[in-house]
Structure formats: C-alpha cells, structure tokens
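Descriptive structure summary
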Amino acid sequence: KRVEEALRQSERAVRVALDERERISQDLHDGILQSLYAVGLGLEACRPLLQQQQQQQSKNSAKTLNQALDQAIDQLNTVMAEVRNFIAGLESQVMKGGDFPTALRVMAQTLTTAQPLRCTVTVDKTATGYVSTEQALHLMNIVREALSNSLRHGQATNATVSLKRLTHSIRLSISDNGIGFDPTSMRGVGHGLTNMAARARKVGGRFAVRSAPQQGTRITIDLPKETCHAESESEHGSTAARR
C-alpha cells in the first residue's frame, strides 16, 4: 500500500509538472512571442519610411540607418527562435550543431552588435572537454545575463569573456570596464546576480562577483574538474566521445 501511494503521488507530481510546463509554454507563445512578432512587424514597417527620407539625408546616413534596422531585425529573429525552442523543450539553437566556443562567440556578437559594448571571447579548447552540455547551457545563460548587465547597468564599453583550465577547476570569467557597483548594496535588488549564482550552484560551480564603484565588474564561476567529469560521463558516456 505504501508503494502504491508513493506511485500515485509521483503520478500526481508528474501531471502537475506537465500542466505547469504547458501553461508556461502557452503564456510564452501567446504573450511574449506574439509581442516580439508585433515588434518585428513594427520594425519592418519602418523600411518604407526610411526609403522616403533617403532623399533628404546623405547616402552614408541612410545606409547606416538601414544597417541598424537590419541588425535589430536579425537580433529580434534570434530571440524569437530562442523562445520557440524553449517552448518546444529544445536546447538553445546556438548550441545545436556547434561547439561551446563557437556558441559563446555567436552569442556575444549577437548581444553586442550595434551596441557601444565591444566584447572579446577567449576560450582554452582544452577546457571545453571538461564541460558537459548541461553545464555549457547554464554558463551560456550566465554570460548572457552578465553582458546584458554590462550594457544596461554598467555602461561598459569593453568586456571580456574567458574560459580556461586551472589546476583543479574550469573557470569562466566575465569582466567589464563599466561603472561598477557595491555588491553589498545589491542584496535584494533585482534577480540577475541571484539567478546567475543559482545556475552556477546547479552545475556544481562556485560563483563570485567582484566590483566597486568606477572600477568595473568581474564575475567568475569555477567548476571543479571532478564535477565536470562526473556530469560529462553520466551524460555522454565519456569526455573523449564529446570532443
């Protein structure tokens, strides 16, 4: 009877989880995704207006405006693809058919194109063999959040993303030259740092942030090699098979 009751509870928990997943998918599709489509249509509607203004502007100015519009539309299409893939329960499109270093570079370029922030991505290829797919996806989201903060809050003009192998760990670091902040004053404000720390913990990493007013910000995540190997081998059978 205890086993039967445990099974019934498990079945109820699964049904609740599936119902919640379906609800979130519907909300994303009917809310966020449709709003993004509307923004895309609005951007496309700007094209005729730009063409009408070309005669009143210099050729270089008109070309710059058209390029900025094209980049904005491309970025919006990328975001919509990410949302669709999330709804379908798939991995991020940028991780499909490509290696982790390429995924990082593509994401950094997508985020900073047409922005005042210039980002350099450096990856030690010997380090990527220790990172599982699950860890890579969480690290990608941490980098995305960190670069977004550098743009929206840090007012940074330069940022670096690096992944390297240390003696006992794999370290991901994101640094910028922005206005910085006092980490102790940010407790309870926003969810960015909290979410990044939670993602790092979920994959067995240690999260740290160093910043001070007018001294930029540096975020590090250290993944112990033992944790990396354990997750990687359970997911793919061996690290060598994934390289």
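Preceding this section is the structure that the text describes.
Residues numbered from 1 in each chain as written. Predicted model: local features only at pLDDT ≥ 70, side-chain atom pairs only at ≥ 80, totals over all residues. Heavy atoms only, no water.

Moving on, we come to helix α3 (residues 100–112). If you check α3, its first and last C-alpha atoms are 18 Å apart, about what 13 residues at 1.5 Å a residue would give, namely 18 Å. Three or more residues of α3 are buried, namely Phe100, Pro101, Ala103, Leu104, Met107, Ala108 and Thr112. Here the buried residues of α3 occupy an arc of 160 degrees about the axis, which is enough to place them on one side. Where α3 is buried, its residues touch β1 (118–123), α4 (125–128), α5 (133–152) and β2 (158–165). (Helix = DSSP H or I, 4+ residues; strand = E, 2+ residues; numbered from the N terminus. Expected span 1.5 Å × (residues − 1). Buried < 20%, exposed > 50% of the residue type's maximum accessible area, 1.4 Å probe, protein only. Arc of directions from axis to C-beta. Contact = heavy atoms within 4.5 Å.)

To continue, consider the pattern of salt bridges. Side chains that differ in charge, positive against negative, can pair when their charged atoms come close. As enumerated under the stated definition, the model contains 3 salt bridges in all. Among the salt bridges present, the one from Arg12 reaches Glu5, with a minimum N-O distance of 3.4 Å. Residue Arg12 is classed as partly exposed on the basis of its relative accessible area of 37%. Of the charged contacts, one joins Arg171 and Asp222 as a salt bridge, the two residues approaching to 2.7 Å between their closest N and O atoms. Here the residue Arg171 occupies a position in strand β3 (residues 169–176), and Asp222 occupies one in strand β5 (residues 217–224), the gap between them amounting to 51 residues. Arg171 sits in the partly exposed class, given a relative accessible area of 23%. Take Asp222: its relative accessible area is 9%, and that puts it in the buried class. Connected through salt bridges with shared partners, the residues Glu5, Arg8 and Arg12 form a single ionic network. (Salt bridge = Lys/Arg side-chain N within 4 Å of Asp/Glu carboxyl O.)

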